[in-house]
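Results of the structural survey
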Amino acid sequence: MSNLPEPVDFDLAGGDRRSLNRSLHALAGDGAGARWNIRNPGGRHALCVGMAAEAELAIHGHVGYYCAGMNRSANIVIHGNAGPGVAENMMSGSVRVKGNASQSAGASGRGGLLVIEGNASARCGISMKGIDIVVAGSVGHMSAFMAQAGHLVVCGEAGADLGDSIYEAVLYVRGPVASLGADCVEKEMTDAHRERVGGLLAAAGVEADPGSFRRYGSARRLYNFNVDRADEY
Amino acid sequence: MSGAPPDRRWLRASASFPAPVIAEIHRAADEGVYDIRGFGAKRHLPTFDDLLLLGASMSRYPLEGYRERCETSVTIGTRFARRPLELAIPITIAGMSFGALGANAKRAIGMAASAMGTSTTTGDGGMSPEEREASKLLVYQVLPSRYGLDPDHLRACDAIEVVVGQGAKPGGGGMLLGQKITERIAGMRDLPVGIDQRSACRHPDWTGPDDLEIKIQELREITDWELPVYVKVGAARVGFDVALAVKAGADAVVVDGMQGGTAATQDIFIEHAGVPTLPAVRQAVEALQELGMHRKVQLIVSGGIRHGADVAKALALGADAVSLGTASLIALGCNRPDYVEDYHALGTEPGFCHHCHTGRCPVGITTQDADLETRLHPEQGARRLRNYLTTMTLELQTLARACGKSHVLNLEPEDLAAVTVEAAAMAQVPLAGTNWIPGR
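Read on for a plain summary of the structure. (Residues numbered from 1 in each chain as written. Chains lettered and ligands numbered in written order. Predicted model: local features only at pLDDT ≥ 70, side-chain atom pairs only at ≥ 80, totals over all residues. Heavy atoms only, no water.)

Attention shifts here to the interface of chain A and chain B. Contact with chain A, which involves 35 residues of that partner, is made by 38 residues of chain B. Of the roughly 3,300 Å² buried where chain A meets chain B, counting both sides, 51% is carbon and sulfur surface. When the buried surface of chain A facing chain B is broken down by residue, Tyr66, Met70 and Tyr167 of chain A rank first, second and third, together holding 19% of it. Across the chain A-chain B interface, the total number found is eight salt bridges. The salt bridge partner of Arg72 of chain A is Asp152 of chain B, with a shortest N-O separation of 3.0 Å. At the boundary of chain A with chain B, the tally comes to 23 residue pairs in polar contact (both at pLDDT 80 or more). (Contact = heavy atoms within 4.5 Å. Buried area = accessible area lost by both parts, 1.4 Å probe. Salt bridge = Lys/Arg side-chain N within 4 Å of Asp/Glu carboxyl O. Polar contact = N/O pair within 3.5 Å; in protein donor to acceptor, adjacent residues only side chain to side chain.)

Here is the structure:
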């Protein structure tokens, strides 16, 4: 006999987003361990946003903008593709996209783990502030733009201007990088970094050789204005 | 060639290159970088001073001062929010970041606003505990940088303000120079200590009004449709921007004119971008009227509001409330002639200081320096700001009563005349002594 609570089934074909989110918000406080299956999302926007409970949510289908936005504590799996801003400003917990993610995945995320099993479009990890993001496929242009903290692991390729104006976030990319953005440089990959990548891949459940990644980060030349570097702005 | 000073009667200054322009060219040549400063536009612009309230006489009768009531309450967020903001006065405090301002200043502002029954606003850098504790009604800004953005703070606030732009720099991002990025500020913003913080000018996860509509839906879903959602724009293409904010689902629109203040922005931006507050109000009201949303989506106007007459004129043009930034800091003590030697150390004088960006505020308002901050006692600062807000409210009521209004929101364009052709054209009210409105 399992002690797990019976999963709740919520069908968006017969219900609406408001009642779903209201019910999920009601889990805050004593909803730890709750399991929900959400069916027929139909690309709706802002599903499962503002979670504040250690619940396990499975969304069966494609979702629109901002799915799992500002998530705190919940573990959310999207069995489909995700629209722009999936897991934006996530605080903790995890979000897994089984398909592809549109632009701005994990934007300004402050904690937790975002796993994208497919590809992510432009601006993946833009303004990230502590979130860890693992992309099994490739990421589009301007990913990790103004990335402040956290890790972005890309098992495929990265588009143009990776890490433009980056602060202290750390980027690991296995495939080719189209170009690096302003103040983003390749850095030495030490054993400690390989260990870190290995840990992130393990947490994400993504198989890849940590030794095959290259590391990128800030050259810190733009941290304080220097007139002799004005052409880099 | 005697070497004696010249006869000054024969010195002819250039209109194109007056002394301040020459000095700025010299500075740029020396330093190779634009001038960054605080405060707002210092150039002459058409303002509410160019409008007059007509008052009552034979064709209108006034209300008795001090005896007949003139209501000042206003409700913001009546369109969608379950919990609209009930303000006792139509004068609010604008968003100013903890980082630009010190903790004592934020606390003083919160205390004064609470005592007056009005709201104050966070800023780029998130919500500090001092601010939340001191502020009965707190508007939480969601800015492009998303510094410190926390869903728990979102749920703990009283209204949400999505910041698209700022009057001092429409189209520009925030800036906080390294000297103000202390350990606490850096921690709240997830940034290293001491670096120049350059905020983004666009939001990271939406672009354009269609996306904004979905973003607002997300914010409403997170907060269970309880809170009003404002959209703040810097005055530029005001008619379009206000209409698009309404289309995106805003409960209220904040229009910040180019006189709006800043803690650190390029001088060239402050002085040369945007639209003055005076025409911006009229354009915003027209946009709301065209959509049939005037008074349904509330309009809050900011940028150079100084006294009760400015408030009365803004309301007469159709605004629902105003917001104060710079003026509230002046009430706290900004540019007050105390610690004059510290003004001199910054190369300025009381009355001229715009050195918020340095972090060396002589009166302890726009600083993170622990010693300087002690110069602003929160209770004393709150008392001064409360006095100032009380004065403004009395001035507003005095003028509204003189126009025969039992509620300040009953002021109307018909109560106004312009003293310049420019103001008449911008505000679309008659030039004083005529029936002429330019353009009609």
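Attention shifts here to the packing of helix 7 (residues 238-247) of chain B against helix 9 (residues 277-290) of chain B. All names here are of chain B. At a closest axis distance of 8 Å, the pairing of helix 7 and helix 9 adopts a crossing angle of 45°. Classified by the angle their axes make, helix 7 and helix 9 are oblique. Regarding helix 7 and helix 9, the two cross each other, and that crossing is right-handed. Together, Val238, Gly239, Val242, Ala243 and Val246 of helix 7 and Ala280, Gln283, Ala284, Ala287 and Leu288 of helix 9 make up the contact between the two elements. Counted by class, the contact of helix 7 with helix 9 contains eight nonpolar, two polar and no charged residues. (Axes fitted to C-alpha atoms, helices over the stretch in contact; angles between N-to-C directions. Helix = DSSP H or I, 4+ residues; strand = E, 2+ residues; numbered from the N terminus. Parallel < 35°, antiparallel > 145°, perpendicular 65-115°, else oblique. Left-handed = near helix turned anticlockwise from the far one by under 90°. Nonpolar A, V, L, I, M, F, W, Y, C, P; charged D, E, K, R; others polar.)

All names here are of chain A. The 11 strands lie next to each other as 1-2-3-4-5-6-7-8-9-11-10, forming an open sheet whose pairing is mixed. Of all the strands in the sheet, just strand 1 (8-11) and strand 10 (184-187) have a single pairing partner and so form its edges. Within this sheet the neighbouring strands show an average axis-to-axis angle of 15°, counted without direction. Where strand 6 (residues 113-116) lies against strand 7 (residues 129-135), four bridges are found, and the strand directions are parallel. Residue pairing in the sheet places Leu113 in a bridge with Asp132 of strand 7. Lying over the sheet, helix 1 (residues 17-25) contacts strand 1, strand 2 (35-39) and strand 3 (56-60), oriented at roughly 170° with respect to strand 2. (Pairing = 2+ DSSP bridges.)

Before going further, it helps to examine the pattern of salt bridges. Opposite charge on two side chains permits pairing when their charged atoms draw close. Counting across every chain of the model gives 45 salt bridges over all chains. A salt bridge links Arg220 of chain B to Asp251 of chain B, with the shortest nitrogen-to-oxygen separation between them at 2.8 Å. One end of the pair, Arg220 of chain B, is in helix 6 (residues 208-222); the other, Asp251 of chain B, is in the loop between helix 7 and strand 12 (252-256), and 31 residues separate them in sequence. For the residue pair Arg220 of chain B and Asp251 of chain B, the accessibility class agrees, reading buried in each case. When the shortest N-O distance is used, the salt bridge between Arg282 of chain B and Glu286 of chain B registers 3.0 Å. Taken together, the positions of Arg282 of chain B and Glu286 of chain B, both in helix 9 and four residues apart, correspond to about one turn of that helix. According to the relative accessible area criterion, Arg282 of chain B is buried, its value standing at 18%. Three or more residues joined by partner-sharing salt bridges are found here, namely Glu88 of chain A together with Arg146, Asp205, Lys215 and Glu218 of chain B. (Buried < 20%, exposed > 50% of the residue type's maximum accessible area, 1.4 Å probe, protein only.)

The subject of this paragraph is the nonpolar core. Ranked by size, the top nonpolar core spans 108 residues in total, and within it Leu51, Val242, Val255, Leu317, Leu332, Ile365 and Leu411 of chain B carry the most contacts. Those residues within four positions of Val255 of chain B in sequence are excluded, and the remaining contacts are Val233, Ala235, Val238, Val242, Ala280, Ala284, Leu299, Ile300, Val301 and Ser302 of chain B. If you look at the next biggest cluster of nonpolar residues, it comprises 50 residues, including Ile38, Met90, Cys124 and Val154 of chain A. (Core = buried A, V, L, I, M, F, W, Y, C linked by side-chain atoms within 4.5 Å.)

A cluster of nonpolar side chains, contributed by Phe17, Val21, Ile22 and Ile25 of chain B, occupies part of the molecular surface with about 330 Å² of accessible area. Turning to its location among the elements, Ile22 of chain B is positioned in helix 1 (residues 19-31). (Patch = residues over 30% accessible without salt bridge, like charges linked within 9 Å, V, L, I, M, F, W, Y side chains within 5 Å. Areas by Shrake-Rupley, 256 points an atom, 1.4 Å probe, with all protein chains shown as cover.)

This part is about the state of the cysteines. Residue and element names in this part refer to chain A. The full count for this structure, using the stated rule, is zero disulfides over all chains. Here Cys48 is not disulfide-linked; the sulfur of Cys67 is the nearest cysteine sulfur, at 5.2 Å. Judged by relative accessible area, which is 0%, Cys48 ranks as buried. (Disulfide = S-S within 2.5 Å.)

Further remarks concern the side chain of Thr348 of chain B. Relative to the helices and strands, Thr348 of chain B is located in the loop between helix 12 (340-345) and helix 13 (370-373). Beyond its immediate stretch of four places on either side in the chain, Thr348 of chain B contacts Tyr343, Cys353 and His355 of chain B.

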